[in-house]
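Residues per chain are reported as follows:
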Amino acid sequence: MFDHDVLVIGAGLAGMRAALAASQAGVNVAVVTKVFPVRSHSNAAQGGINAALTDRGDKWEDHAYDTVKGSDYLGDQDAIEIMCKEAGSEIINMEHMGTIFNRDAEGKLGVRAFGGQRQARTFFVADFTGQALLYVLHEQVMKSGVRVYEEWFVLSLIVEGGECCGAVVMEMKTGEVHTIRAKAVIMATGGIGRVFEPSTNALICTGDGMALAYRAGAPLMDMEMIQYHPTTLKSNGALMSEAARGEGAYLINKDGDRFMKRYAPNMMELASRDVVSRSEQTEINEGRGVNGCVLLDCRHLGEKLIKEKLGQIRQLGIDFANADMIKEPVPVRPGMHYVMGGIRTNYDGLTSIPGLYAAGETACVSVHGGNRLGANSLLDTLVFGKRSGQHAAAGVKSKQHAAGVTDAYSEAEKKKIQAILDRPADGGELFGKVRQELGETMNKYLAVFRDQQGMETAQRKVKELRMRYEKVIVHDKGRTFNTNLIFTLELGFMFDCAETVIVGALERKESRGAHTRTDMPKRDDANWLKHVVQFRTPEGPRIEDQPVKITQWQPQVRSY
Amino acid sequence: MTMDVTLNVKRYNPDAAKPASYNQEYRIDLEDGSSLLDGLIKVREEMDGTLALRCSCRSAICGSCAMRVNGRAVLACNTKMKDVMPKDGSPVKVEPAGNMGVVKDLIVNFDVFWGKIKAVKPWLQPEGPVPQGEYLAPNEAMLHLAGVMGCIMCGACVSDCTVLEVDKNFLGPAALAKAYRFVGDPRDAHEKDRLKDLTKYGGMWDCTRCMQCVQVCPKGVDPMGRIMKMRDKALAAGYNNTYGARHALAFTDLVRHGGHLDELRLPIKTFGIFNVKEMLKLAPIGMRSQMVGKVPPLFPKPIPGIQNVRRIFEKVEAKR
């Protein structure tokens, strides 16, 4: 058994920022991560990170308003205010720690335009901002001496007397199962991308943290809010950064027409993501697409700019779409990208379970509401990662370890794993096909446009798939790096996430943000200006409502 | 359109009764544009769940899936299967990355890799008062560093580094490129300390400039180029009293003087004529050269047109 004051699960931006904040507060911190920290999915964030810096003539209130409007008024405005107020100091802090940001002519941090915002306030490093930030935090974590359990996989959270006091974890290299006792646990495990197929997300984005917290009794909120990114590649769902449009790229249909003028005449290609994705899908559905895609046209940006600021996505286009954006438009389509919902927390990251925190994509504070603005996700991870770390550290200083936590917890998990390994092999199937069908089902019925019948079909199918999942077999019976076993366990987490996405979507009887129902196309503030909160019960999710916090911006008609 | 692919995968299961590596063939049907990784994922998800490999992003940014295909390090995710299928129809040979030790199948041990990264103190070390806003720095300097920052720590360069094959002590291309990222950062105040550390045994002078790292790097980081840049910086900072540094200086000097490499004087200038220990080490080579008549002349003549060679030197040095 291992003991730490604060245990952070996940080593992306939110997790490492939380770990640093807690460590700087003087408590004993450890991080558990199923991949090496720099492999975390934060590194895939391309375009940038938002902040309104006052010395650039920008105001945090403007950033907050854009965020509120972007969220289709579902974001909690008290949390949004905090995020936008603290944004500037977080950016400067990251710069001081070593981030290489693009600069302007005076040598100060440069900005680019991003969707849904009236002012250019997106700080960036070419088109690999996430990687640049992630590596700097990794450097600082190495320097800090915080213990990182690399390639350890979390099996369950430990809750005793209503408080979270640790986790049961498998060391992947040896297959050993350990109990880690902690006075506070911070979930920073990222999103649920692989629940959808295809997705821009990495294969590790399997919703572990949400499912673990949900199973431990913490509610999930706004799970129906799934963001489809307007520009993803058809072949493998890879992301083509919004930075392309931020730098001035056009979206055109098969007639060469910049169709966004019909949907968002003011903001055009830089309207909010939900708006652009819906517009593209409408073009495709009405026969003005090109093989199920529209075209991202960067040719007029010029070779120099593309090479300097969009080099990575240019290469992605060449590798995965056979199209060099310098010479030709790249076919793109809306693709599953982000989940606005997650583990419900307050603005200090605290969940409904004392001692359990969450930050980043896995959490729902909620600052993104019905639709996240591009480049607000990295900001979310840093601000609420930091706040979770600080709050958790302050809370553990006068706290003792829970006495009841023993190795009995790991013994119980070992038995469950053994039961999976012992399943009779005859006639069983591997997890792969089940996962594929789950993803395809979600992507078919819970995409840009949804309706009652489709969502009910999805619910039925997912139930059937879950029954198949209960019988999948594991070929690998060994202990060392049993990835077959790990993927099978991850798929279990994914089913919890899928189920809550569907239940949330069926519950919300309106269209708001990313949740667009063709059978209920209007936003309904009278009845649905509220969060959908789900608690786990043996019979399925139990639903509660929670009012949206409104401070200074009353809901208005949303147009771009 | 689909294609019929045969993969020959080098496997190793440490949990076996008698662990030993072996090769296994998998025949799969794949879409035309598929990557090597698509093929391996298909195997492990639909045919043989015991096959172990690391992978995650599928977009060449997470750095998980470095391995060797047909004897050369690649990222499986951005390697098109078509490009690595041998023309004669023989199987695509897939092996774990080299130089790191295999844990299981295509999964190698990264402990030493991270240890070496950490050894170069890879964090910014500014000095003086912290400004209220950002540090000011020219955009060109940042863009230049972004080229090194593009490193995704996949280990492809380490896998195929020819120095690491014979000397495990070498920091290796990835760690040295990471070191350069700080040496070249105008905000870092410890350039000299870093350079001094990196001139030690295992550091920048142990690279043999074989170019392997440059060729296999999937992100165009050019580790060897960075190492050479650091050598220049180290010499300029006055760290010229290592064998590596003196070898480089002697080499340059001799070519400038005679237009060719005087192999007799190079070791003498590098090690020093009174360095008996190193001179004795060279004795066997000397004797073997003598036997096959390969000893260079004692007083070589400058090549014809030596003036032109010297002019090249002047031009290059004026540019610095």
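Residues numbered from 1 in each chain as written. Chains lettered and ligands numbered in written order. Predicted model: local features only at pLDDT ≥ 70, side-chain atom pairs only at ≥ 80, totals over all residues. Heavy atoms only, no water.

(A) Region of interest: the packing of aromatic side chains. Within this structure, the stated rule accounts for 14 aromatic pairs over all chains. Here the aromatic rings of A:Phe36 and B:Phe110 are separated by 5.6 Å at their centres, their planes lie at 45°, and the arrangement is tilted. You can see A:Phe36 sitting in the loop between β2 (29-33) and β3 (49-50) and its partner B:Phe110 sitting in the loop between β7 (107-108) and α3 (111-119), one on each of two chains. The pair formed by A:Phe36 and B:Phe110 is uniform in burial state, with each residue classed as buried. Where A:Phe431 meets A:Phe487, the ring centres are 5.5 Å apart and the plane angle is 50°; that geometry is what we call tilted. (Phe/Tyr/Trp six-rings, centres within 6.5 Å; stacked < 30°, edge-to-face > 60°. Helix = DSSP H or I, 4+ residues; strand = E, 2+ residues; numbered from the N terminus. Buried < 20%, exposed > 50% of the residue type's maximum accessible area, 1.4 Å probe, protein only.)

(B) Main features of the packing of helix α7 (residues 172-183) of chain B against helix α10 (residues 223-236) of chain B. All names here are of chain B. The contact between α7 and α10 brings their axes to 9 Å, and the two run at 50°. Relative to α10, the element α7 is oriented oblique. Our pair here, α7 against α10, has a crossing hand that is left-handed. Only Pro223, Arg226, Ile227, Lys229, Met230 and Lys233 of α10 make contact with α7, whose side of the interface consists of Pro173, Leu176, Ala177, Ala179, Tyr180 and Val183. In terms of residue class, the contact of α7 with α10 is made up of nine nonpolar, no polar and three charged. (Axes fitted to C-alpha atoms, helices over the stretch in contact; angles between N-to-C directions. Parallel < 35°, antiparallel > 145°, perpendicular 65-115°, else oblique. Left-handed = near helix turned anticlockwise from the far one by under 90°. Contact = heavy atoms within 4.5 Å. Nonpolar A, V, L, I, M, F, W, Y, C, P; charged D, E, K, R; others polar.)

(C) The arrangement of the sheet that holds β3(A) in detail. Residue and element names in this part refer to chain A. The three strands lie next to each other as β3-β5-β4, forming an open sheet whose pairing is antiparallel. Edge positions in the sheet fall to β3 and β4 (111-112), since each has one partner strand and no second. Sheet topology note: the β4/strand β5 (residues 122-123) ladder contains two bridges and is antiparallel. Bridging across to β5, valine 111 finds its partner in phenylalanine 123. (Pairing = 2+ DSSP bridges.)

(D) Just the sheet that holds strand β14 (residues 330-339) of chain A, in detail. Residue and element names in this part refer to chain A. Spatially, four strands are ordered β11-β14-β13-β12 in an open sheet, and the strand pairing comes out antiparallel. The two strands at the open ends of the sheet, each matched to only one other strand, are β11 (226-232) and β12 (250-252). Across this sheet, the average inter-strand angle for adjacent strands is 45°, counted without regard to direction. In this structure, β12 lies alongside strand β13 (residues 294-297), joined through three bridges in antiparallel fashion. Bridge pairing in β13 places isoleucine 252 opposite leucine 295.

(E) Local environment of unusual backbone geometry. All names here are of chain A. Looking along the chain, the bond that leaves glutamate 197 and enters proline 198 is cis, with omega of 0°. Within the secondary structure, proline 198 is located in the loop between β9 (177-187) and α5 (208-215). In this structure, serine 366 follows valine 365 across a cis peptide bond, with omega equal to 10°. Assignment of secondary structure puts serine 366 in the loop between β17 (363-364) and α11 (377-396). A positive phi angle, near 55°, is found at aspartate 72, a position not held by glycine. Tracing the backbone through its elements, the reader meets aspartate 72 in the loop between α2 (60-70) and α3 (77-97).

(F) Looking closely at the interface of chain A and chain B. At the interface, 63 residues of chain A touch 65 residues of chain B. For the chain A and chain B pair, buried surface summed over both sides reaches about 5000 Å², with 55% attributable to carbon and sulfur atoms. Of all residues in chain A, A:Arg39, A:His96 and A:Ile100 bury the most surface against chain B, accounting for 14% of the area lost on that side. Applying the counting rule to chain A against chain B returns seven salt bridges. Of the charged contacts in the structure, one is a salt bridge between A:Asp476 and B:Lys104, with a shortest N-O distance of 2.6 Å. Inspection of the chain A/chain B interface yields 35 residue pairs in polar contact (both at pLDDT 80 or more). (Buried area = accessible area lost by both parts, 1.4 Å probe. Salt bridge = Lys/Arg side-chain N within 4 Å of Asp/Glu carboxyl O. Polar contact = N/O pair within 3.5 Å; in protein donor to acceptor, adjacent residues only side chain to side chain.)

(G) Summary view of the packing of helix α8 (residues 191-198) of chain B against α10(B). Residues and elements named next belong to chain B. Between α8 and α10, the shortest axis-to-axis distance is 10 Å and the interhelical angle comes to 110°. In terms of their interaxial angle, α8 and α10 are classed as roughly perpendicular. Residues Glu191, Leu195 and Leu198 of α8 form the contact with α10, whose own contacting residues are Met230, Lys233 and Ala234. When grouped by side-chain class, the residues that make up the contact of α8 with α10 number four nonpolar, no polar and two charged.

(H) Summary view of helix α10 (residues 311-321) of chain A. Residues and elements named next belong to chain A. For α10, the full list of buried residues reads Gln312, Ile313, Arg314, Leu316, Gly317, Asp319 and Phe320. Among the structural elements, α6 (243-246) and α9 (303-309) are those in contact with the buried residues of α10. Just beyond α10, the residue with positive phi is asparagine 322, at close to 55°.

(I) Examining the nonpolar core more closely. A:Val6, B:Leu7, B:Leu36 and B:Leu40 are the most contacted members of the largest nonpolar core, which totals 149 residues. No other element matches α3(A), which puts 10 residues into this core. Setting aside its immediate chain neighbours within four residues, B:Leu40 contacts B:Leu7, B:Val9, B:Leu51, B:Leu53, B:Met67, B:Val94 and B:Leu106. Membership of the second largest hydrophobic core comes to 80 residues, among which are A:Phe153, A:Ile192, A:Ala218 and A:Val434. (Core = buried A, V, L, I, M, F, W, Y, C linked by side-chain atoms within 4.5 Å.)

(J) Main features of the environment of A:Gln315. Its place among the elements puts A:Gln315 in helix α10. In this structure, the C-alpha to C-alpha distance between A:Gln315 and A:Met325, residues 10 residues apart in sequence, is 8.9 Å.

(K) Summary view of the pattern of salt bridges. Summed over all chains, the structure comprises 76 salt bridges over all chains. Residue A:Glu95 is joined to B:Arg187 by a salt bridge in which the shortest nitrogen-to-oxygen separation is 2.9 Å. Within this pair, whereas A:Glu95 is found in helix α3, its partner B:Arg187 is found in the loop between α7 and α8, the two belonging to separate chains. Across the salt bridge formed by A:Glu544 and A:Arg542, the nearest N and O atoms sit 2.8 Å from each other. Given the relative accessible area of 32%, A:Glu544 is considered partly exposed. By relative accessible area, which is 38% here, A:Arg542 ends up partly exposed.

(L) Quick look at the side chain of A:Arg517. All names here are of chain A. Here arginine 517 shows up in the loop between α15 (483-507) and α16 (525-528). Relative accessible area serves as the criterion here: at 0%, arginine 517 is assigned to the buried category. At 3.3 Å, the side chain of arginine 517 forms a polar contact with the backbone oxygen of arginine 508. Of the polar contacts made by the side chain of arginine 517, one reaches the side chain of aspartate 519; its length is 3.1 Å. Residue contacts for arginine 517: discarding those within four places in its chain leaves Arg450, Gln452, Met455, Ala505, Leu506, Arg508, Lys509, Glu510 and Ser511.

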